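Now for the letters of each chain:
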Amino acid sequence: MLQDVQRIIILRALKLGDLLCTVPAFRALRLAYPRAHITLAGLPWAAIFRERFSHYIDDLVIFPGFAGLPEKEPDTFAFAAFMQKQRQTHYDLALQMQGDGTIINDIVMQWNAKYTAGFMPAGERPPSSLFTTYPEDLHEINRHLHLLEHIGVPVPNTMLEFPLTSADKRAFEALALPAGDYEYVCIHPGASVPERQWPAAYFAAIADYLASEGWKIVLTGTAQEKNLTAEVKRYMRFPAIDLAGGTSLGCMAQLIRSSRALICNCTGVSHIAAATATPSLVISMDGEPHRWAPLLQHLHCTIDWTRQPSMEYIYHRCDELLGRTTYRQPTARPVVTPC
């Protein structure tokens, strides 16, 4: 393990699911360097992540974007100031956890940390022995644990976590849902990018099938996804509670924690379900379930829609997820043809 490490910076300027999958690496880093000051270089939204995970992350600096990185529109002036500040901080360890390093390694190396570690593209010469080839075949959780193992940091486990607060619980109680704990199923039709989004009509079909079995249906999403949840509700024959835009991230996590199950795309909330041990059915639309699927398969079912676009199979898996021992032909059918 690297010695005399007191100041650490981690570059991971990505979205919710990406950061949640990195929590086991954050935890391992904190256990290895309990007195170190750990800074996350992330996107502006990550302020709420840092606050919730303050036991692992001490500080947040906003990464201002860079040409070629899709997560944020580059700000040239802010980037110059950002780089100057990082060089002046004199980090002991800089970790590049953004990606394979094609664009970002040169940036991180300019911070002049005592040690710099990260990923590099296959076939390229490493900037130092602390870099390792980007492991395309590993799950996103294990990918970053692999990097820590490469630099000598012990890795205790792969467990996700999402700490819930008393404020989260009060916000959840204020929703006054007409259903008790574990009496409803959350349907989350949104995704971080359109390519990962299963059609709204299919979500409506699943929601109707579950509602016909007596489950209350709660539609969830961000404020930007209100039109999407409204579309799902229009397709449905049964009533549903639409909470899109009406919950904070913490309230959403408590809502998922108290539900019987979550049905969603392969997106950030699927990792909240994994962290709160809530059974889930996850639809993967990008052909990469090996990278993003929840690891505990006895609690979570991930369906690769690019390989098995079958509604009948999904109905079967819903039955298994919710404890039905026999399958009946559903009366609720998708109103569009599978593609």
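Higher on the page you've got the structure.
### With respect to empty space enclosed by the protein
Taken as a whole and assessed by the stated rule, the structure comprises one cavity of 30 Å³ or more. In this structure, the largest cavity spans a volume of roughly 30 Å³. Lining the largest cavity, in full, are Ala13, Leu43, Phe63, Gly65, Leu69, Glu71, Lys72 and Gln98.

### Comments concerning the nonpolar core
By size, the foremost hydrophobic cluster in this structure holds 61 residues, and its most contacted members are Ile8, Ile10 and Leu95. Counting residues per element, this core draws most heavily on helix α2 (residues 23-32), at six residues. In terms of nonpolar packing, the next biggest core, distinct from the first, is built from 32 residues, Val185, Ala200, Leu321 and Leu322 among them.

### Details of the sheet that holds strand β7 (residues 184-188)
Across the sheet, six strands lie side by side as β9-β8-β7-β10-β11-β12; this open sheet has parallel pairing. Two strands bound the open sheet, and with one partner strand each, they are β9 (241-242) and β12 (300-304). Set on the sheet, helix α10 (residues 249-257) makes contact with β7, β8 (216-219) and β10 (261-265); between it and β7 the angle comes to about 135 degrees. Across the face of the sheet, helix α11 (residues 268-275) comes into contact with β7, β10, β11 (280-284) and β12 while running at roughly 155 degrees to β10.

### Details of the sheet that holds strand β6 (residues 131-133)
Here six strands make up an open sheet; going across it, the order is β3-β2-β1-β4-β5-β6 and the pairing parallel. On the outer flanks of this sheet lie β3 (59-62) and β6, each paired with one strand and no other. Here the strands of the sheet are splayed against their neighbours by 15 degrees on average, with no regard to which way each runs. Of the strand pairs in this sheet, strand β2 (residues 37-42) and β3 are connected by four bridges, and their pairing is parallel. From the neighbouring strand, Gly42 faces β3, where its bridge partner is Ile62. Its contacts with the sheet place helix α4 (residues 76-89) against β1 (7-11), β2 and β3, and it is angled at close to 145 degrees to β3.

### Some details on helix α8 (residues 200-212)
For α8, with 13 residues, the first-to-last C-alpha span of 18 Å sits near the 18 Å given by 1.5 Å per residue. Across the 13 residues that make up α8, a large majority, twelve, are buried. Ala200, Ala201, Tyr202, Phe203, Ala204, Ala205, Ile206, Ala207, Asp208, Tyr209, Leu210 and Ala211 are the residues of α8 that are buried. Where the residues of α8 are buried, they touch β7, β8, α9 (226-235), β10 and α13 (311-321).

### Some remarks on the layout of surface pockets
For the largest pocket, the calculated volume is near 1200 Å³. Lining the largest pocket are 47 residues, with Leu14, Lys15, Leu16, Asp18 and Ser192 sitting closest to its centre.

### Quick notes on the packing of aromatic side chains
Tallied over the full model, the rule gives 14 aromatic pairs. Plain terms: the ring middles of Trp45 and Phe49 are 6.3 Å apart, the flat faces sit at 70 degrees to each other, and that makes the pair edge-to-face. Each ring, one from Phe66 and one from Phe79, has its centre 5.1 Å from the other, and the planes form 40 degrees; the classification is tilted. Of this pair, Phe66 sits in the loop between β3 and α4 while Phe79 sits in helix α4, and the two are 13 residues apart along the sequence. The class for Phe66 is partly exposed, based on a relative accessible area of 27%. With a relative accessible area of 15%, Phe79 lands in the buried category. Every member of this aromatic cluster is reached through a ring pair, and the members are Phe26, Trp45, Phe49, Phe53 and Phe162.

Analysis parameters
- Starting from 1, residues in each chain are numbered consecutively following that chain's sequence as written.
- The model is predicted, so local features are restricted to residues of pLDDT at least 70 and side-chain atom pairs to those at 80 or more, both for listing and for counting; the totals for chains, interfaces and linings are taken over all residues.
- As a convention, hydrogens and water are excluded, and side-chain values are obtained from all of the structure's heavy atoms.
- Buriedness of a pocket was judged along seven lines, with at least five required to meet protein on both sides within 12 Å; pockets are open sets of points on a 1 Å grid over the protein atoms alone, cavities are sets where a 1.4 Å probe fits but cannot get out, and lining residues have an atom within 4 Å of a point.
- Grid points are joined across faces, edges and corners, and a volume is the space filled by probe spheres set on the points.
- Residues grouped as a nonpolar core are buried Ala, Val, Leu, Ile, Met, Phe, Trp, Tyr and Cys residues, joined through side-chain atoms within 4.5 Å.
- Only protein chains enter the calculation, and the probe is 1.4 Å; a residue is then buried if its accessible area is under 20% of its type maximum, exposed if over 50%, and partly exposed in between.
- Counting from the N terminus, the helices are DSSP H or I runs at least four residues long and the strands are E runs at least two residues long.
- Strand pairing is assigned whenever DSSP identifies at least 2 bridges connecting the two strands.
- In this analysis, two residues are considered to be in contact whenever any of their non-hydrogen atoms come within 4.5 Å of each other.
- Only the contacting stretch of a helix is used when fitting its axis, a line to C-alpha atoms as for every element, and angles between N-to-C directions run 0 to 180 degrees.
- An expected span of 1.5 Å times one less than the residue number is assigned to each helix.
- A pair of aromatic rings is counted whenever rings of Phe, Tyr or Trp (Trp by its six-membered ring) have centres within 6.5 Å, and the orientation is called stacked for planes under 30 degrees apart, edge-to-face for over 60 and tilted otherwise.

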